[in-house]
Amino acid sequence: MDSDMGQPVTNKTLVETLQQFKNEMLSHFDAKLDTIHNSVHQMQDSLNSMKTTVGELEGRVGSNQDELSRLETRIKKLEKQNSYLAEKDEDAENRSRASNICLLRVPEGSEGRDIIGFIGQLFIKLFGQDKLPSTLVIERAHRSPGTPNPNPKTAPRPILVRFLHLQNKLNILRLSRDKKELLFKGNRVHIYPDFSAGLMEKRCLFTRVKKKLHDLDIEYAMQYPTTLRVHVEGKKLFLRS
């Protein structure tokens, strides 16, 4: 066999050439394999690092979940305490108003400068001197805060009255219920117990039910703080919601 230069190619030369080609290829493959091995090691290191990081994150997440659980438990406890304190505060406020009543729709200015004297005379006009207790003592009275509105269509500010004795308040409320309609200067006056805003809101939830009972001529009454007493077929029902 001749080469391109016309020189004969011996078996020995061919073997050497193939061996050299083999060595070059093996060296090339070894270099490539080393690169691949290095890349694999780097990837393995990266994966190990990621596993470590993920493990740390999982540990932190677990720790955070435990902390969240503790915080949720603490928040629930604080909410319960806050609710209890709010109820106690509302109860204390309503106890302080135990001897109070609230008069609605008494025309502005009717009281003049002596509101306590005016209230005494108003009770005489509404109920009659003979119906009033001889021990009726008004400790203080005033309009609710605010500027009076000159518009005659606007409801006048309520008048708050505090009696010296609780029994006086109970007697006035009883007289008001018995007479049903109270008129003063052509206005229908309403008399209610004086409760806190929170308690009034709770009691107002019974308004629709009371209207139905009234329409059906069923006897009922609201008991302190938020119990509806209903008389049905000779029985008393006590409803708290």
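All residue numbers refer to positions counted from 1 along the written sequence of the respective chain. In view of the model being predicted, local features appear only for residues whose pLDDT reaches at least 70, and side-chain atom pairs are presented and counted only at 80 or more, with totals across whole chains, interfaces and linings using the full set of residues. Side-chain calculation: all heavy atoms of the structure are included, whereas hydrogens and water are not.

In the nomenclature of an unreviewed UniProt entry, the chain corresponds to L1 transposable element RRM domain-containing protein from the organism Oryzias sinensis.

**As for the overall build of the chain**
The secondary structure listing takes helices from DSSP runs of H or I that are at least 4 residues long and strands from runs of E that are at least 2 residues long, numbered from the N terminus. On a plain count of helices and strands, the chain comes out with 5 helices and 8 strands. The order of helices and strands in the chain, counted from the N terminus, is α-β-α-β-β-α-β-β-α-α-β-β-β. Based on C-alpha atoms, the radius of gyration is set beside the globule rule, defined as 2.2 Å times the residue count to the power 0.38. Taken over C-alpha atoms, the radius of gyration comes to 47 Å for the chain, far larger than the 18 Å a tight globule of 241 residues would show. If you line up the chain on its principal axes, its C-alpha atoms span 150 × 50 × 35 Å.

**Observations concerning the UniProt feature "coiled-coil region" (unreviewed entry) in the chain**
In the numbering used here, UniProt assigns the "coiled-coil region" (unreviewed entry) feature to residues 61–95. As annotated, residues 61–95 has a helix share of 100% and a strand share of 0%, and its two end C-alpha atoms lie 50 Å apart. UniProt positions are given in the numbering used here, feature names are shortened, and annotations may be inferred rather than shown by experiment.

**Some words on the sheet that holds strand 8 (residues 235–239)**
Within a sheet, each strand pairs with its neighbour through backbone hydrogen bonds, oriented either parallel or antiparallel. The sheet built from 3 strands is open, its strands ordered 6-7-8 with antiparallel pairing. Whereas interior strands pair on both sides, the edge strands pair on one side only; in this sheet they are strand 6 (220–223) and strand 8. Direction aside, neighbouring strands of the sheet carry axes that sit 25° apart on average. Two strands make a pair as long as DSSP finds a minimum of two bridges between them. Relative to strand 7 (residues 227–232), strand 6 is paired through 4 bridges, and the arrangement is antiparallel. Looking at strand 7, one finds that Gln-223 is bridged to Thr-227. The angle between two axes is taken between their N-to-C directions and runs from 0 to 180 degrees, where each axis is a line fitted to C-alpha atoms and a helix contributes only its stretch in contact.

**Observations concerning the pattern of salt bridges**
Throughout this description, the term salt bridge denotes a Lys or Arg side-chain nitrogen within 4 Å of a carboxyl oxygen of Asp or Glu. Enumeration according to the criterion identifies 11 salt bridges in this entry. Note that Glu-139 is salt-bridged to Arg-162, the shortest N-O span being 3.3 Å. Taken together, the residues span a long stretch of sequence, with Glu-139 in strand 2 (residues 138–143) and Arg-162 in strand 3 (residues 159–163) at a distance of 23 residues. Exposed residues in this analysis have more than 50% of their type's maximum accessible area, buried residues have under 20%, and partly exposed residues fall in between, with area computed by a 1.4 Å probe over protein chains only. For Glu-139, a relative accessible area of 38% gives the class partly exposed. Overall, Arg-162 belongs to the partly exposed group, its relative accessible area being 21%. Each of the salt bridges in this network shares a partner with another, and the network as a whole consists of Glu-108, Glu-111, Arg-143 and Arg-157.

**Some details on the sheet that holds strand 2**
Taken in spatial order, the 5 strands line up as 2-3-1-5-4 in an open sheet, and their pairing is antiparallel. Sheet topology places strand 2 and strand 4 (182–184) at the edges, where each strand pairs with a single neighbour. For this sheet, the mean inter-axis angle between neighbouring strands, taken without regard to orientation, is 30°. Where strand 2 and strand 3 come together, 5 bridges link them in antiparallel fashion. In the sheet register, Ala-141 faces strand 3, and the bridge partner there is Val-161. Against the sheet, helix 2 (residues 115–127) contacts strand 1 (100–104), strand 2, strand 3, strand 4 and strand 5 (187–193), and its axis sits at roughly 95° relative to strand 2. Residues are treated as being in contact if the distance between any of their heavy atoms lies within 4.5 Å.

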